[in-house]
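Here is how the chains run, residue by residue.
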Amino acid sequence: MATTEEFQPASIDSGFDEGMSEAEFAELFEKAEELSQYFREIGPEYDTKNTFAFPSIEKFKASDLGRLQVPKRFGGHGGNLLQTSKIVSELSKGDSAITLAYNMHYIMAGMCLGLFSEEQNKYWMGRVAHGELMFGPFSEKRAGFSGLADMKAVPQEGGGWKLYGKKTWGTCCDAATIITTNATITDAEGNIPEDFEERVGAESFFVADFDIDRETDQGDGISIKRTWDACGMHATGTHTIVFDGFYVPESGFVCEWRAGAFGVLEWASLMFASIYLGMMARVLEESREALAKKTLGAVFGAVVAEDVKVASVGHIIDGVGDMAYRYEMGRRVLYQTIGEVMSGADDDWPLELRFPYIGLAKTFIADNVMHMTKSAMSLVGGQSFRKGAIFERLYRDSAASLFQPLNGDQSRTYIGEYLLQPEELED
Ligand SMILES: Cc1cc2nc3c(=O)[nH]c(=O)nc-3n(C[C@H](O)[C@H](O)[C@H](O)COP(=O)(O)OP(=O)(O)OC[C@H]3O[C@@H](n4cnc5c(N)ncnc54)[C@H](O)[C@@H]3O)c2cc1C
(Lines give C-alpha, C1' and ligand atoms only; values in the text may rest on other atoms or scores of the structure.)
Protein backbone atom coordinates (compact mmCIF):
# COMPACT_ATOMS: atom_id res chain seq x y z
CA MET A 1 0.00 0.00 0.00
CA ALA A 2 1.25 3.50 -0.85
CA THR A 3 1.79 5.91 2.01
CA THR A 4 2.76 9.55 2.14
CA GLU A 5 6.21 8.43 3.30
CA GLU A 6 7.00 7.72 -0.35
CA PHE A 7 7.37 11.41 -0.84
CA GLN A 8 7.48 14.06 1.81
CA PRO A 9 8.03 17.69 0.80
CA ALA A 10 10.35 19.75 2.98
CA SER A 11 7.66 21.79 4.65
CA ILE A 12 3.94 21.40 4.22
CA ASP A 13 1.90 24.52 3.76
CA SER A 14 -0.97 24.01 1.39
CA GLY A 15 -3.17 26.68 2.93
CA PHE A 16 -4.78 24.00 5.11
CA ASP A 17 -4.49 24.19 8.83
CA GLU A 18 -4.33 20.45 9.36
CA GLY A 19 -3.15 17.35 7.56
CA MET A 20 -3.81 13.65 8.02
CA SER A 21 -1.39 11.50 9.93
CA GLU A 22 0.16 8.49 8.21
CA ALA A 23 -2.22 6.17 10.05
CA GLU A 24 -5.28 8.22 9.12
CA PHE A 25 -4.15 8.35 5.51
CA ALA A 26 -3.50 4.59 5.40
CA GLU A 27 -7.02 3.93 6.66
CA LEU A 28 -8.60 6.16 3.99
CA PHE A 29 -6.33 4.79 1.29
CA GLU A 30 -7.64 1.32 2.05
CA LYS A 31 -11.18 2.62 1.46
CA ALA A 32 -10.00 4.14 -1.82
CA GLU A 33 -8.59 0.75 -2.86
CA GLU A 34 -11.97 -0.91 -2.18
CA LEU A 35 -13.88 1.81 -4.03
CA SER A 36 -11.42 1.64 -6.92
CA GLN A 37 -12.13 -2.08 -7.22
CA TYR A 38 -15.86 -1.35 -7.34
CA PHE A 39 -15.34 1.32 -10.03
CA ARG A 40 -13.28 -1.24 -12.00
CA GLU A 41 -16.16 -3.72 -11.87
CA ILE A 42 -18.93 -1.35 -12.99
CA GLY A 43 -16.87 0.90 -15.31
CA PRO A 44 -17.38 -1.10 -18.54
CA GLU A 45 -21.16 -1.19 -18.05
CA TYR A 46 -21.48 2.59 -17.79
CA ASP A 47 -19.07 3.19 -20.64
CA THR A 48 -21.37 1.05 -22.80
CA LYS A 49 -24.57 2.58 -21.41
CA ASN A 50 -23.05 6.03 -21.96
CA THR A 51 -24.50 7.38 -18.70
CA PHE A 52 -23.30 8.50 -15.31
CA ALA A 53 -22.55 5.50 -13.07
CA PHE A 54 -25.51 6.11 -10.76
CA PRO A 55 -24.84 3.26 -8.29
CA SER A 56 -21.42 4.78 -7.60
CA ILE A 57 -23.04 7.69 -5.71
CA GLU A 58 -24.08 5.58 -2.74
CA LYS A 59 -20.73 3.75 -2.68
CA PHE A 60 -18.74 6.97 -2.93
CA LYS A 61 -20.70 8.50 -0.07
CA ALA A 62 -20.40 5.34 2.03
CA SER A 63 -16.61 5.34 1.53
CA ASP A 64 -16.41 8.60 3.50
CA LEU A 65 -13.91 9.92 0.93
CA GLY A 66 -16.04 12.96 0.02
CA ARG A 67 -14.76 14.96 2.99
CA LEU A 68 -11.16 13.96 2.29
CA GLN A 69 -9.70 17.49 2.01
CA VAL A 70 -12.15 19.30 4.26
CA PRO A 71 -10.14 20.56 7.26
CA LYS A 72 -10.84 18.81 10.54
CA ARG A 73 -12.22 21.99 12.10
CA PHE A 74 -15.05 21.88 9.53
CA GLY A 75 -15.68 18.19 10.13
CA GLY A 76 -13.45 16.68 7.42
CA HIS A 77 -10.40 14.43 7.28
CA GLY A 78 -7.98 17.32 6.64
CA GLY A 79 -6.14 15.68 3.73
CA ASN A 80 -3.52 17.78 1.94
CA LEU A 81 -2.80 18.15 -1.78
CA LEU A 82 -0.48 15.13 -1.96
CA GLN A 83 -2.83 12.87 -0.02
CA THR A 84 -5.77 13.92 -2.22
CA SER A 85 -3.69 13.33 -5.36
CA LYS A 86 -2.81 9.79 -4.26
CA ILE A 87 -6.41 8.92 -3.53
CA VAL A 88 -7.61 10.33 -6.86
CA SER A 89 -4.96 8.29 -8.73
CA GLU A 90 -5.92 5.14 -6.87
CA LEU A 91 -9.60 5.60 -7.76
CA SER A 92 -8.69 6.40 -11.36
CA LYS A 93 -6.71 3.15 -11.62
CA GLY A 94 -10.07 1.43 -11.15
CA ASP A 95 -12.01 3.57 -13.59
CA SER A 96 -10.92 7.01 -14.81
CA ALA A 97 -14.30 8.12 -16.15
CA ILE A 98 -16.19 7.46 -12.91
CA THR A 99 -13.35 9.01 -10.93
CA LEU A 100 -13.24 12.10 -13.14
CA ALA A 101 -16.80 12.85 -11.99
CA TYR A 102 -15.85 12.74 -8.29
CA ASN A 103 -12.62 14.54 -9.11
CA MET A 104 -14.75 17.60 -9.96
CA HIS A 105 -15.95 17.48 -6.36
CA TYR A 106 -12.34 17.35 -5.11
CA ILE A 107 -11.31 20.18 -7.44
CA MET A 108 -14.12 22.45 -6.34
CA ALA A 109 -13.75 21.63 -2.65
CA GLY A 110 -10.00 22.36 -2.89
CA MET A 111 -10.47 25.61 -4.81
CA CYS A 112 -13.31 26.82 -2.61
CA LEU A 113 -11.48 26.19 0.65
CA GLY A 114 -8.93 28.77 -0.43
CA LEU A 115 -11.52 31.27 -1.72
CA PHE A 116 -14.48 31.03 0.67
CA SER A 117 -14.80 33.33 3.66
CA GLU A 118 -14.62 31.65 7.07
CA GLU A 119 -18.40 31.77 7.28
CA GLN A 120 -18.85 30.23 3.83
CA ASN A 121 -16.34 27.52 4.65
CA LYS A 122 -18.17 26.68 7.86
CA TYR A 123 -21.51 26.43 6.06
CA TRP A 124 -20.61 24.79 2.72
CA MET A 125 -17.72 22.64 3.93
CA GLY A 126 -19.90 21.59 6.84
CA ARG A 127 -22.37 20.27 4.27
CA VAL A 128 -19.58 18.52 2.35
CA ALA A 129 -18.46 16.97 5.62
CA HIS A 130 -21.98 15.55 5.92
CA GLY A 131 -21.73 13.85 2.54
CA GLU A 132 -22.85 16.43 -0.03
CA LEU A 133 -21.01 16.77 -3.32
CA MET A 134 -19.99 19.87 -5.26
CA PHE A 135 -19.47 20.45 -8.97
CA GLY A 136 -18.22 23.31 -11.13
CA PRO A 137 -19.62 24.04 -14.57
CA PHE A 138 -17.60 27.04 -15.83
CA SER A 139 -16.89 26.36 -19.49
CA GLU A 140 -19.19 27.80 -22.12
CA LYS A 141 -19.57 26.93 -25.77
CA ARG A 142 -17.96 30.04 -27.27
CA ALA A 143 -14.52 29.69 -25.68
CA GLY A 144 -14.32 26.90 -23.14
CA PHE A 145 -12.65 27.71 -19.86
CA SER A 146 -10.70 30.78 -20.95
CA GLY A 147 -13.67 32.64 -22.39
CA LEU A 148 -14.98 35.41 -20.14
CA ALA A 149 -18.42 34.31 -18.98
CA ASP A 150 -21.29 35.23 -21.26
CA MET A 151 -23.49 33.94 -18.46
CA LYS A 152 -25.08 36.95 -16.78
CA ALA A 153 -25.64 37.64 -13.11
CA VAL A 154 -28.35 40.28 -13.07
CA PRO A 155 -28.62 42.21 -9.75
CA GLN A 156 -32.02 41.95 -8.04
CA GLU A 157 -33.77 44.77 -6.20
CA GLY A 158 -33.96 42.97 -2.88
CA GLY A 159 -30.31 41.82 -3.14
CA GLY A 160 -28.62 38.87 -4.79
CA TRP A 161 -28.55 37.99 -8.51
CA LYS A 162 -30.44 35.98 -11.09
CA LEU A 163 -28.25 33.93 -13.42
CA TYR A 164 -28.99 33.50 -17.14
CA GLY A 165 -26.95 31.42 -19.58
CA LYS A 166 -25.63 27.94 -20.32
CA LYS A 167 -22.64 25.96 -19.13
CA THR A 168 -21.84 23.21 -21.57
CA TRP A 169 -19.62 21.05 -19.33
CA GLY A 170 -21.37 20.01 -16.11
CA THR A 171 -19.38 16.98 -14.90
CA CYS A 172 -20.92 15.31 -11.83
CA CYS A 173 -24.27 17.12 -12.15
CA ASP A 174 -26.04 13.79 -11.54
CA ALA A 175 -24.59 13.47 -8.04
CA ALA A 176 -23.92 17.01 -6.79
CA THR A 177 -26.22 19.10 -4.63
CA ILE A 178 -23.91 22.15 -4.45
CA ILE A 179 -23.11 24.17 -7.56
CA THR A 180 -20.21 26.57 -8.07
CA THR A 181 -20.05 28.64 -11.23
CA ASN A 182 -18.95 31.91 -12.80
CA ALA A 183 -21.06 34.66 -14.34
CA THR A 184 -20.55 38.29 -15.27
CA ILE A 185 -22.34 40.80 -13.08
CA THR A 186 -24.36 43.12 -15.32
CA ASP A 187 -26.16 46.40 -14.77
CA ALA A 188 -29.81 46.31 -13.68
CA GLU A 189 -30.90 45.96 -17.33
CA GLY A 190 -28.70 42.91 -17.87
CA ASN A 191 -25.91 44.57 -19.90
CA ILE A 192 -22.41 43.12 -19.61
CA PRO A 193 -19.74 45.86 -19.21
CA GLU A 194 -18.39 46.90 -22.61
CA ASP A 195 -14.95 47.88 -21.31
CA PHE A 196 -12.71 44.78 -21.27
CA GLU A 197 -11.02 45.43 -17.88
CA GLU A 198 -14.37 46.20 -16.31
CA ARG A 199 -15.78 42.99 -17.76
CA VAL A 200 -12.91 40.95 -16.31
CA GLY A 201 -13.52 42.54 -12.90
CA ALA A 202 -17.26 41.86 -13.11
CA GLU A 203 -16.82 38.14 -13.78
CA SER A 204 -17.65 36.56 -10.45
CA PHE A 205 -17.57 33.24 -8.67
CA PHE A 206 -20.77 31.99 -7.00
CA VAL A 207 -21.87 29.05 -4.87
CA ALA A 208 -25.46 27.87 -4.43
CA ASP A 209 -27.74 24.92 -3.78
CA PHE A 210 -28.21 22.63 -6.76
CA ASP A 211 -31.69 21.53 -5.93
CA ILE A 212 -32.91 19.47 -8.87
CA ASP A 213 -35.86 17.14 -9.25
CA ARG A 214 -34.01 14.03 -10.41
CA GLU A 215 -37.05 12.74 -12.29
CA THR A 216 -37.54 15.84 -14.45
CA ASP A 217 -34.02 17.38 -14.30
CA GLN A 218 -35.70 20.70 -13.41
CA GLY A 219 -35.00 23.06 -10.54
CA ASP A 220 -36.06 26.60 -9.75
CA GLY A 221 -34.48 28.59 -12.61
CA ILE A 222 -32.00 25.82 -13.38
CA SER A 223 -32.07 22.53 -15.28
CA ILE A 224 -29.94 19.74 -16.66
CA LYS A 225 -30.02 19.27 -20.43
CA ARG A 226 -28.75 15.77 -21.25
CA THR A 227 -26.30 16.58 -24.02
CA TRP A 228 -23.29 14.44 -23.01
CA ASP A 229 -22.30 12.12 -25.85
CA ALA A 230 -18.55 12.11 -26.44
CA CYS A 231 -15.61 10.06 -27.66
CA GLY A 232 -14.74 8.91 -24.14
CA MET A 233 -15.22 9.57 -20.42
CA HIS A 234 -18.86 8.53 -20.80
CA ALA A 235 -19.55 7.93 -17.11
CA THR A 236 -18.70 11.52 -16.15
CA GLY A 237 -22.23 12.60 -17.14
CA THR A 238 -20.90 15.95 -18.35
CA HIS A 239 -24.24 17.48 -19.34
CA THR A 240 -25.27 21.05 -20.09
CA ILE A 241 -26.57 23.17 -17.22
CA VAL A 242 -29.15 25.76 -18.20
CA PHE A 243 -29.62 28.84 -15.99
CA ASP A 244 -32.85 30.71 -16.58
CA GLY A 245 -33.32 33.16 -13.74
CA PHE A 246 -31.52 31.00 -11.16
CA TYR A 247 -31.45 33.00 -7.94
CA VAL A 248 -28.23 33.33 -5.94
CA PRO A 249 -28.46 35.29 -2.68
CA GLU A 250 -25.71 37.70 -1.67
CA SER A 251 -24.23 35.08 0.64
CA GLY A 252 -23.51 33.01 -2.51
CA PHE A 253 -21.00 35.54 -3.89
CA VAL A 254 -17.47 34.19 -3.37
CA CYS A 255 -14.99 36.47 -5.14
CA GLU A 256 -13.84 37.84 -8.49
CA TRP A 257 -13.43 34.79 -10.71
CA ARG A 258 -10.20 35.23 -12.66
CA ALA A 259 -8.11 36.66 -9.84
CA GLY A 260 -9.43 33.98 -7.50
CA ALA A 261 -9.22 30.94 -9.76
CA PHE A 262 -5.68 31.65 -10.93
CA GLY A 263 -4.51 31.78 -7.33
CA VAL A 264 -5.74 28.24 -6.55
CA LEU A 265 -5.09 26.64 -9.91
CA GLU A 266 -3.21 23.72 -8.37
CA TRP A 267 -6.48 22.16 -7.30
CA ALA A 268 -7.65 21.88 -10.88
CA SER A 269 -4.50 21.15 -12.77
CA LEU A 270 -2.82 18.78 -10.30
CA MET A 271 -6.06 16.85 -9.71
CA PHE A 272 -6.40 16.28 -13.47
CA ALA A 273 -2.76 15.17 -13.50
CA SER A 274 -3.63 12.68 -10.72
CA ILE A 275 -6.50 11.24 -12.80
CA TYR A 276 -4.20 10.56 -15.74
CA LEU A 277 -1.41 9.23 -13.54
CA GLY A 278 -3.89 6.62 -12.28
CA MET A 279 -4.82 5.88 -15.89
CA MET A 280 -1.12 5.39 -16.74
CA ALA A 281 -0.83 2.83 -13.95
CA ARG A 282 -3.85 0.98 -15.37
CA VAL A 283 -2.45 0.98 -18.92
CA LEU A 284 0.80 -0.49 -17.66
CA GLU A 285 -1.01 -3.09 -15.54
CA GLU A 286 -3.30 -4.21 -18.38
CA SER A 287 -0.46 -4.29 -20.89
CA ARG A 288 1.69 -6.49 -18.65
CA GLU A 289 -1.25 -8.77 -18.01
CA ALA A 290 -2.02 -9.16 -21.73
CA LEU A 291 1.54 -9.37 -22.96
CA ALA A 292 3.08 -11.58 -20.30
CA LYS A 293 0.67 -14.39 -21.19
CA LYS A 294 0.14 -14.08 -24.93
CA THR A 295 1.59 -16.75 -27.21
CA LEU A 296 1.65 -16.40 -30.99
CA GLY A 297 2.51 -20.03 -31.72
CA ALA A 298 4.12 -20.65 -35.11
CA VAL A 299 4.71 -17.38 -36.99
CA PHE A 300 6.26 -16.14 -40.20
CA GLY A 301 6.77 -12.37 -39.90
CA ALA A 302 9.40 -10.07 -38.38
CA VAL A 303 10.20 -13.09 -36.22
CA VAL A 304 10.05 -16.48 -37.94
CA ALA A 305 9.77 -19.33 -35.44
CA GLU A 306 7.83 -22.39 -34.41
CA ASP A 307 6.46 -21.09 -31.09
CA VAL A 308 6.73 -17.44 -30.07
CA LYS A 309 5.75 -15.87 -26.77
CA VAL A 310 5.21 -12.13 -27.26
CA ALA A 311 7.04 -11.47 -23.99
CA SER A 312 10.25 -12.53 -25.74
CA VAL A 313 9.86 -10.20 -28.75
CA GLY A 314 12.30 -7.27 -28.65
CA HIS A 315 9.96 -4.37 -29.46
CA ILE A 316 7.40 -5.67 -26.94
CA ILE A 317 9.99 -5.89 -24.16
CA ASP A 318 11.14 -2.35 -25.03
CA GLY A 319 7.55 -1.13 -25.29
CA VAL A 320 6.61 -2.31 -21.81
CA GLY A 321 9.84 -0.88 -20.41
CA ASP A 322 9.03 2.42 -22.08
CA MET A 323 5.57 2.47 -20.47
CA ALA A 324 7.02 1.87 -17.02
CA TYR A 325 9.56 4.61 -17.64
CA ARG A 326 6.85 7.09 -18.66
CA TYR A 327 4.69 6.19 -15.65
CA GLU A 328 7.60 6.61 -13.27
CA MET A 329 8.60 9.97 -14.79
CA GLY A 330 4.98 11.14 -14.61
CA ARG A 331 4.75 10.13 -10.96
CA ARG A 332 7.93 12.00 -10.10
CA VAL A 333 6.94 15.14 -12.02
CA LEU A 334 3.54 15.21 -10.31
CA TYR A 335 4.83 14.62 -6.78
CA GLN A 336 7.72 17.03 -7.22
CA THR A 337 5.33 19.74 -8.46
CA ILE A 338 2.98 19.08 -5.57
CA GLY A 339 5.97 19.23 -3.22
CA GLU A 340 7.07 22.59 -4.62
CA VAL A 341 3.56 24.02 -4.29
CA MET A 342 3.15 22.66 -0.75
CA SER A 343 6.53 23.89 0.43
CA GLY A 344 5.96 27.34 -1.10
CA ALA A 345 8.89 26.95 -3.55
CA ASP A 346 6.53 28.17 -6.29
CA ASP A 347 6.87 31.65 -4.76
CA ASP A 348 10.34 31.75 -6.31
CA TRP A 349 9.01 31.27 -9.84
CA PRO A 350 8.27 34.39 -11.89
CA LEU A 351 4.60 35.19 -11.31
CA GLU A 352 3.77 34.76 -15.01
CA LEU A 353 5.15 31.25 -14.94
CA ARG A 354 3.26 29.97 -11.89
CA PHE A 355 0.25 29.06 -14.02
CA PRO A 356 2.10 27.03 -16.69
CA TYR A 357 4.72 25.62 -14.30
CA ILE A 358 2.07 24.10 -12.02
CA GLY A 359 0.19 23.05 -15.14
CA LEU A 360 3.11 21.26 -16.71
CA ALA A 361 2.65 18.22 -14.46
CA LYS A 362 -0.73 17.77 -16.12
CA THR A 363 0.44 18.51 -19.66
CA PHE A 364 3.46 16.18 -19.27
CA ILE A 365 1.28 13.35 -17.96
CA ALA A 366 -1.37 14.01 -20.63
CA ASP A 367 1.23 13.70 -23.42
CA ASN A 368 2.55 10.49 -21.93
CA VAL A 369 -0.75 8.80 -21.11
CA MET A 370 -1.88 9.33 -24.70
CA HIS A 371 1.40 7.90 -25.96
CA MET A 372 0.95 4.89 -23.65
CA THR A 373 -2.63 4.09 -24.66
CA LYS A 374 -1.63 4.18 -28.34
CA SER A 375 1.46 2.09 -27.71
CA ALA A 376 -0.54 -0.45 -25.65
CA MET A 377 -2.91 -1.00 -28.57
CA SER A 378 -0.06 -1.46 -30.99
CA LEU A 379 1.77 -3.92 -28.71
CA VAL A 380 -1.31 -5.94 -27.73
CA GLY A 381 -2.44 -6.07 -31.35
CA GLY A 382 -5.77 -6.03 -33.17
CA GLN A 383 -7.81 -7.55 -30.35
CA SER A 384 -7.27 -4.33 -28.39
CA PHE A 385 -9.28 -2.44 -31.02
CA ARG A 386 -12.48 -4.40 -30.50
CA LYS A 387 -15.35 -2.84 -28.55
CA GLY A 388 -15.28 -3.92 -24.93
CA ALA A 389 -11.49 -4.32 -24.84
CA ILE A 390 -10.04 -2.25 -22.02
CA PHE A 391 -7.42 -0.81 -24.38
CA GLU A 392 -9.83 0.82 -26.82
CA ARG A 393 -11.57 2.45 -23.86
CA LEU A 394 -8.36 3.69 -22.27
CA TYR A 395 -7.42 5.09 -25.69
CA ARG A 396 -10.72 7.01 -25.94
CA ASP A 397 -10.72 8.13 -22.32
CA SER A 398 -7.11 9.32 -22.45
CA ALA A 399 -8.00 11.75 -25.26
CA ALA A 400 -9.95 13.85 -22.73
CA SER A 401 -6.59 14.81 -21.20
CA LEU A 402 -6.03 17.13 -24.16
CA PHE A 403 -8.72 19.52 -23.04
CA GLN A 404 -8.81 19.97 -19.29
CA PRO A 405 -6.79 22.82 -17.85
CA LEU A 406 -4.00 23.34 -18.37
CA ASN A 407 -4.10 22.79 -22.08
CA GLY A 408 -0.60 21.97 -23.42
CA ASP A 409 -0.64 24.45 -26.30
CA GLN A 410 -1.63 27.34 -24.08
CA SER A 411 0.94 26.36 -21.43
CA ARG A 412 3.72 26.58 -24.00
CA THR A 413 2.36 29.95 -25.17
CA TYR A 414 2.48 31.31 -21.61
CA ILE A 415 6.10 30.19 -21.23
CA GLY A 416 7.21 31.27 -24.71
CA GLU A 417 5.64 34.72 -24.35
CA TYR A 418 7.40 35.21 -21.03
CA LEU A 419 10.75 34.13 -22.42
CA LEU A 420 10.48 36.29 -25.53
CA GLN A 421 9.27 39.47 -23.87
CA PRO A 422 11.44 42.58 -24.26
CA GLU A 423 14.11 42.90 -21.54
CA GLU A 424 12.59 46.05 -20.06
CA LEU A 425 9.47 44.07 -19.05
CA GLU A 426 11.39 41.32 -17.28
CA ASP A 427 11.26 43.08 -13.92
C1 LIG B 1 -14.47 14.93 -19.95
C2 LIG B 1 -14.49 16.41 -19.77
C3 LIG B 1 -15.12 16.95 -18.67
C4 LIG B 1 -15.16 18.34 -18.49
N5 LIG B 1 -15.80 18.85 -17.40
C6 LIG B 1 -15.83 20.17 -17.19
C7 LIG B 1 -16.48 20.73 -16.03
O8 LIG B 1 -17.01 20.01 -15.19
N9 LIG B 1 -16.51 22.06 -15.90
C10 LIG B 1 -15.93 22.90 -16.81
O11 LIG B 1 -15.99 24.10 -16.61
N12 LIG B 1 -15.32 22.42 -17.92
C13 LIG B 1 -15.25 21.08 -18.13
N14 LIG B 1 -14.63 20.58 -19.25
C15 LIG B 1 -14.28 21.53 -20.30
C16 LIG B 1 -12.79 21.72 -20.59
O17 LIG B 1 -12.01 21.81 -19.47
C18 LIG B 1 -12.58 22.88 -21.58
O19 LIG B 1 -12.99 24.09 -21.06
C20 LIG B 1 -13.34 22.65 -22.83
O21 LIG B 1 -12.82 21.46 -23.35
C22 LIG B 1 -13.27 23.78 -23.86
O23 LIG B 1 -12.09 24.48 -23.80
P24 LIG B 1 -10.97 24.35 -24.89
O25 LIG B 1 -9.86 25.26 -24.52
O26 LIG B 1 -10.64 22.92 -25.07
O27 LIG B 1 -11.68 24.83 -26.25
P28 LIG B 1 -11.89 26.30 -26.78
O29 LIG B 1 -11.95 27.24 -25.63
O30 LIG B 1 -13.03 26.24 -27.70
O31 LIG B 1 -10.54 26.56 -27.55
C32 LIG B 1 -10.37 26.36 -28.95
C33 LIG B 1 -8.89 26.59 -29.30
O34 LIG B 1 -8.49 27.88 -28.90
C35 LIG B 1 -7.41 27.82 -27.97
N36 LIG B 1 -7.64 28.83 -26.94
C37 LIG B 1 -8.73 28.97 -26.15
N38 LIG B 1 -8.57 30.01 -25.33
C39 LIG B 1 -7.37 30.55 -25.61
C40 LIG B 1 -6.62 31.63 -25.08
N41 LIG B 1 -7.11 32.42 -24.14
N42 LIG B 1 -5.38 31.85 -25.56
C43 LIG B 1 -4.87 31.08 -26.55
N44 LIG B 1 -5.51 30.04 -27.09
C45 LIG B 1 -6.75 29.78 -26.63
C46 LIG B 1 -7.47 26.43 -27.38
O47 LIG B 1 -6.19 26.02 -26.92
C48 LIG B 1 -7.96 25.61 -28.55
O49 LIG B 1 -6.87 25.30 -29.40
C50 LIG B 1 -14.54 19.20 -19.45
C51 LIG B 1 -13.88 18.64 -20.55
C52 LIG B 1 -13.85 17.27 -20.72
C53 LIG B 1 -13.14 16.71 -21.91
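Residues numbered from 1 in each chain as written. Predicted model: local features only at pLDDT ≥ 70, side-chain atom pairs only at ≥ 80, totals over all residues. Heavy atoms only, no water.

If you check an unreviewed UniProt entry, the protein chain appears there as Acyl-CoA/acyl-ACP dehydrogenase from Paraconexibacter antarcticus. What UniProt records for the protein chain under Sequence similarities (unreviewed entry) is the sentence "Belongs to the acyl-CoA dehydrogenase family." Recorded in UniProt for the protein chain, the comment headed Cofactor (unreviewed entry) runs: "FAD". (UniProt positions renumbered as here; feature names shortened; annotations may be inferred.)

1. Observations concerning the packing of aromatic side chains
Inspection of the entire model under this criterion finds 21 aromatic pairs. Aromatic side chains phenylalanine 205 and tryptophan 257 sit 5.0 Å apart centroid to centroid with 45 degrees between the ring planes, which places their arrangement in the tilted category. Of this pair, phenylalanine 205 sits in strand 5 (residues 203–209) while tryptophan 257 sits in helix 7 (residues 257–263), and the two are 52 residues apart along the sequence. Aromatic side chains phenylalanine 206 and phenylalanine 253 sit 6.0 Å apart centroid to centroid with 75 degrees between the ring planes, which places their arrangement in the edge-to-face category. Separated by 47 residues along the polypeptide, phenylalanine 206 in strand 5 and phenylalanine 253 in strand 8 (residues 253–256) bring together distant segments of the chain. For phenylalanine 253, a relative accessible area of 31% gives the class partly exposed. Site record: aromatic cluster; members linked through ring pairs are Phe39, Phe52, Phe54, Phe60, Tyr102 and Tyr106. Residue placement shows lysine 59 over the ring face of tyrosine 38; its charged tip is 4.9 Å from the ring centre. (Phe/Tyr/Trp six-rings, centres within 6.5 Å; stacked < 30°, edge-to-face > 60°. Helix = DSSP H or I, 4+ residues; strand = E, 2+ residues; numbered from the N terminus. Buried < 20%, exposed > 50% of the residue type's maximum accessible area, 1.4 Å probe, protein only. Lys NZ or Arg CZ within 6 Å of the ring centre and 35° of its normal.)

2. Some remarks on the UniProt feature "domain: Acyl-CoA dehydrogenase/oxidase N-terminal" (unreviewed entry) in the protein chain
With numbering matched to this structure, UniProt assigns "domain: Acyl-CoA dehydrogenase/oxidase N-terminal" (unreviewed entry) to residues 44–132. Across residues 44–132, the secondary structure splits into 69% helix and 0% strand, with the terminal C-alpha atoms separated by 26 Å.

3. What about helix 2 (residues 55–63)?
All of the buried residues in helix 2 are Ser56, Ile57, Phe60 and Ser63. Looking straight down helix 2, one finds its buried side chains confined to an arc of 130 degrees; they lie on one side. Of the exposed residues in helix 2, those oriented more than 90 degrees away from the buried face are Glu58 and Ala62. After helix 2 finishes, the residue aspartate 64 shows a positive phi value of roughly 70 degrees. (Arc of directions from axis to C-beta.)

4. A closer look at the site of the ligand
Looking at the ligand, there are 20 residues lining it, with Phe138, Ser139, Ser146, Thr171 and Asn407 nearest. Within the complex, the protein chains bury 69% of what would otherwise be the 950 Å² of accessible surface of the ligand. In terms of residue class, the shell around the ligand is built from 11 nonpolar, nine polar and no charged. Counting the residues that make up the shell around the ligand, at least three belong to each of domain 2 (135–260) and domain 3 (265–425). (Near = heavy atom within 4 Å. Areas by Shrake-Rupley, 256 points an atom, 1.4 Å probe, with all protein chains shown as cover. Nonpolar A, V, L, I, M, F, W, Y, C, P; charged D, E, K, R; others polar. Domains from an automatic or database assignment.)

5. Let's talk about the side chain of arginine 396
Note that arginine 396 resides in helix 11 (residues 390–398). Of the polar contacts made by the side chain of arginine 396, one reaches the backbone oxygen of cysteine 231; its length is 3.2 Å. The residues touching arginine 396, leaving out its near neighbours within four places in the chain, are Asp47, Cys231, Gly232 and His234. (Polar contact = N/O pair within 3.5 Å; in protein donor to acceptor, adjacent residues only side chain to side chain. Contact = heavy atoms within 4.5 Å.)

6. Re the domain arrangement of the protein chain
When cut into domains, the protein chain gives domain 1 (4–133), domain 2 (135–260) and domain 3 (265–425). Between domain 2 and domain 3, the C-alpha centre-to-centre distance is 32 Å. Counting from both sides, the interface comprises six residues of domain 2 and, opposite them, seven residues of domain 3. Approximately 510 Å² of surface area, both sides summed, lies buried where domain 2 meets domain 3, with 71% of it carried by carbon and sulfur atoms. Its largest share of buried area at the contact with domain 3, domain 2 owes to Phe145, Cys231 and Met233, together 75% of the area lost on that side. Inspection of the region where domain 2 meets domain 3 yields zero salt bridges. The interface formed by domain 2 and domain 3 contains two residue pairs in polar contact (both at pLDDT 80 or more). Across the side of domain 2 that touches domain 3, the residue classes break down as three nonpolar, three polar and no charged. (Buried area = accessible area lost by both parts, 1.4 Å probe. Salt bridge = Lys/Arg side-chain N within 4 Å of Asp/Glu carboxyl O.)

7. Thoughts on the UniProt feature "domain: Acyl-CoA dehydrogenase/oxidase C-terminal" (unreviewed entry) in the protein chain
Taken from the UniProt record, the annotation "domain: Acyl-CoA dehydrogenase/oxidase C-terminal" (unreviewed entry) applies to residues 265–399. Counted over residues 265–399, helix gives 72% and strand 9%. Its end C-alpha atoms are 22 Å apart.

8. Re the environment of glycine 201
Checked against the element boundaries, glycine 201 lands in helix 6 (residues 196–202). Overall, glycine 201 belongs to the partly exposed group, its relative accessible area being 30%. Along the primary structure glycine 201 and glycine 301 are separated by 100 residues, whereas in three dimensions their C-alpha atoms are 64 Å apart.

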